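Structure at a glance
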Amino acid sequence: MSQISLSPYNKIALVLGGGAIKAGAFHLGVALALRKHGFSFQTGLNISGSKLVQKPYEISIYVGSSAGAFIISLMSAGYSFESILDTFLGKSSTFQKLNYKKIFHFRREHLLTQSKGLKERLELLFRKEWKEFFCFKGLQWNAMFSTSGIETYLREHILPSNRFQDYLPELYISATQLNTAKKIVFGKRQLIPSEVECEYEIQADISHACAASMALPFIFYPYAMAGQDQNIYHYVDAEVKEPLSPHIALDAGADLVIASYIHHPLKSELDFLIKKGLPAILVQSFYISMEQKIRKQIQIQRDHQKAISEVLNYCKKQGISKKDQNEIEEILEKRLQTRLNTRIIEIHPESLDQQVFLSRHFSLSPKKLAQVVDCGFQAAQRILAQYRLDG
């Protein structure tokens with residue numbers, strides 16, 4: 001099979017989706033494969049503040065949602081992939097290792113509220129005040145944990161600076177604003193959004209943006225942050241609104257978008273998932289839904305690119321001037337919210353990869369993490385084998 005040539009691009013973006021710790025391990029494997037294939041990664045602080053010359057095949061834009069937000073923060077901070085892996089696998093400690101206590105920060109105020117409400121409800125039950133018992137609204141169950149532990153961990157142990165603007169690469173972290181249902185993208189530059197219910201925010205700190213992006217409902221309490229108007233807004237996991245978000249990379253001007261995600265359904269024997277029980281059924285159902293959304297996003301971009309290309313070919317056949325063709329292309333790109341010459345490469349687990357599918361999302365087991373990292377590496381190798389870097 002002949003390889004597809006990838007000429008040097010002006011801007012290359014790496015877009016990482018969510019999926020808890022399992023997704024983070026998979027993304028690290030993908031990054032290792034990208035480096036082996038010839039890509040490099042722009043990382044670290046821009047101490048001088050000078051404008052950099054883009055190297056060929058250097059990834060300079062990072063887009064992350066949920067777990068992907070956490071990984072791009074680690075990568076951008078300047079740590080090597082080896083040091084990140086060795087720390088999480090327990091082989092060495094370049095930085096403080098993440099643990100369950102930091103991930104699942106217990107909300108003490110939640111326990112106090114629920115204890116008081118439960119006591120009042122039990123009193124109604126003992127007095128046999130049935131109507132009041134069933135109509136009682138004082139007991140409102142909510143998530144026991146918050147992502148404030150992750151915020152503290154990033155701010156105190158990982159990031160040399162908490163400002164998006166201080167880093168060499170462009171970082172963009174998305175979250176879902178609970179009360180407005182909008183996608184808020186925290187980042188280095190105030191971009192023009194290509195989607196209607198999307199806004200860019202440049203004043204937030206990286207650690208707070210990550211905590212907002214990772215606040216998965218039912219597990220983590222919505223994360224509170226002050227907006228640009230100084231009002232307090234609550235945020236939940238970025239992928240509640242939309243998974244992956246390659247359009248953010250396009251908004252940032254990327255010519256090549258490499259998207260990594262684990263939300264890929266398993267294709268198995270007829271009774272395999274049933275025998276694995278409810279957890280496997282729930283994961284499969286969730287992956288089917290998420291993968292459908294991702295495929296739709298990317299397919300829309302490709303359909304729009306094809307439509308623009310066909311219009312320009314028609315204009316060329318009709319003898320329309322190059323200047324007018326360029327103007328038509330610019331108008332169509334703006335109206336269709338896409339870029340004609342941008343390529344999107346998707347990397348995800350294979351449909352038959354039971355190892356990734358069955359791995360626990362929040363496991364910190366070094367053995368399990370190493371297996372998922374290897375699966376990410378192999379999945380990326382399989383996809384990247386189709387492409388050749390020129391120059």
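Just above, that's the structure.
This write-up is about the structure you can find in this document. Everything numeric here is computed off the predicted structure, so don't read it as measured data.

1. A word on the overall build of the protein
Each helix and strand counted, the protein has 14 helices and 14 strands in total. Here the protein holds 391 residues, and the buried ones make up 50% of them. Pairs at least 24 residues apart make up 72% of the contacts formed inside the protein by residues separated by at least 6 positions. Accessible surface computed for the protein: about 19,700 Å², of which carbon and sulfur atoms make up 56%.

2. Considerations on the side chain of Asp353
Inspection of the secondary structure assignment puts Asp353 in the loop between β13 (343-347) and α13 (354-358). Notably, Asp353 is buried but unbridged: the nearest opposite-charge side chain belongs to Arg382, and the N-O separation is 7.3 Å. Within the structure, Asp353 has its side chain in polar contact with the backbone nitrogen of Val356 (distance 3.3 Å). Residues within four places of Asp353 in sequence aside, it is in contact with Leu266 and Cys375.

3. Observations regarding the nonpolar core
Counting residues in hydrophobic clusters, the biggest one holds 83 residues, and the most contacted among them are Phe39 and Phe70. Among the elements that line this core, the one with the most residues is helix α1 (residues 20-37), at ten residues. Leaving out residues up to four positions away in the same chain, Phe70 has contacts with Phe88, Leu98, Ile150, Tyr153, Leu154, Cys210 and Met214.

4. Regarding helix α3 (residues 81-88)
Among the eight residues that make up α3, six are buried, leaving the element largely enclosed by the rest of the structure. Those residues of α3 lying buried are Phe81, Ser83, Ile84, Leu85, Thr87 and Phe88. Those residues of α3 that are buried are in contact with α1, β3 (40-41), α2 (67-76), α7 (148-158) and α14 (366-384). Remark: Gly90 follows α3 within two positions and exhibits a positive phi of approximately 80 degrees.

5. Focus on the side chain of Glu201
Assignment of secondary structure puts Glu201 in strand β9 (residues 198-201). Apart from the residues lying within four places of it in its own chain, the contact partners of Glu201 are Ile184, Val185, Phe186, Gly187, Gln190, Gly227 and Gln228.

6. A word on the pattern of salt bridges
One pass over the full model with this rule turns up 15 salt bridges. The residue Glu170 makes a salt bridge to Lys11 at a minimum N-O spacing of 3.4 Å. Placement of Glu170 in strand β7 (residues 170-177) and of Lys11 in the loop between β1 (4-6) and β2 (12-16) is noted, with a sequence separation of 159 residues between them. Residue Glu170 is classed as buried on the basis of its relative accessible area of 11%. Arg35 is paired through a salt bridge with Glu82; the nearest N and O atoms lie 2.4 Å apart. Remark: Glu82 occurs in helix α3 and Arg35 occurs in helix α1; sequence separation between them is 47 residues. What makes Glu82 partly exposed here is its relative accessible area of 36%. The network of salt bridges with shared partners includes Lys11, Glu170 and Arg189.

7. A short note on a nonpolar patch on the surface
A contiguous nonpolar patch, built from Ile274, Leu278, Ile281 and Leu282 and spanning about 400 Å² of accessible area, is present on the exposed surface. Per-element tally for the nonpolar patch: the top contributor is helix α11 (residues 278-317), with three residues.

8. Some words on the packing of aromatic side chains
A full pass over the atoms with the stated rule returns 14 aromatic pairs. Aromatic pair Phe186 and Tyr235: ring centres 5.6 Å apart, planes at 65 degrees, arrangement edge-to-face. Of this pair, Phe186 sits in strand β8 (residues 183-187) while Tyr235 sits in strand β11 (residues 232-236), and the two are 49 residues apart along the sequence. Given a relative accessible area of 1%, Phe186 falls into the buried group. For Tyr235, a relative accessible area of 2% puts it in the buried group. Taken together, Tyr100, Phe104, Phe106, Phe145, Phe220 and Phe362 form an aromatic cluster joined through their ring pairs.

9. Regarding the packing of α7 against helix α8 (residues 206-213)
Taken N-terminus to C-terminus, the directions of α7 and α8 make an angle of 155 degrees; their axes are 8 Å apart at the nearest point. Considering the angle they form, α7 stands roughly antiparallel to α8. In the packing of α7 onto α8, the handedness of the crossing is right-handed. Of the residues in α8, those in contact with Glu151, Leu154 and Arg155 of α7 are Ser207, His208, Cys210 and Ala211. Residue composition of the contact of α7 with α8, grouped by class: three nonpolar, two polar and two charged.

Thresholds, definitions, all that
- Residues numbered from 1 in each chain as written.
- Predicted model: local features only at pLDDT ≥ 70, side-chain atom pairs only at ≥ 80, totals over all residues.
- Heavy atoms only, no water.
- Helix = DSSP H or I, 4+ residues; strand = E, 2+ residues; numbered from the N terminus.
- Buried < 20%, exposed > 50% of the residue type's maximum accessible area, 1.4 Å probe, protein only.
- Contact = heavy atoms within 4.5 Å.
- Areas by Shrake-Rupley, 256 points an atom, 1.4 Å probe, with all protein chains shown as cover.
- Lys, Arg positive; Asp, Glu negative; His and termini not counted.
- Salt bridge = Lys/Arg side-chain N within 4 Å of Asp/Glu carboxyl O.
- Polar contact = N/O pair within 3.5 Å; in protein donor to acceptor, adjacent residues only side chain to side chain.
- Core = buried A, V, L, I, M, F, W, Y, C linked by side-chain atoms within 4.5 Å.
- Patch = residues over 30% accessible without salt bridge, like charges linked within 9 Å, V, L, I, M, F, W, Y side chains within 5 Å.
- Phe/Tyr/Trp six-rings, centres within 6.5 Å; stacked < 30°, edge-to-face > 60°.
- Axes fitted to C-alpha atoms, helices over the stretch in contact; angles between N-to-C directions.
- Parallel < 35°, antiparallel > 145°, perpendicular 65-115°, else oblique.
- Left-handed = near helix turned anticlockwise from the far one by under 90°.
- Nonpolar A, V, L, I, M, F, W, Y, C, P; charged D, E, K, R; others polar.

It is worth stressing that arrangement in space is one thing and function is another; only the former is reported here.
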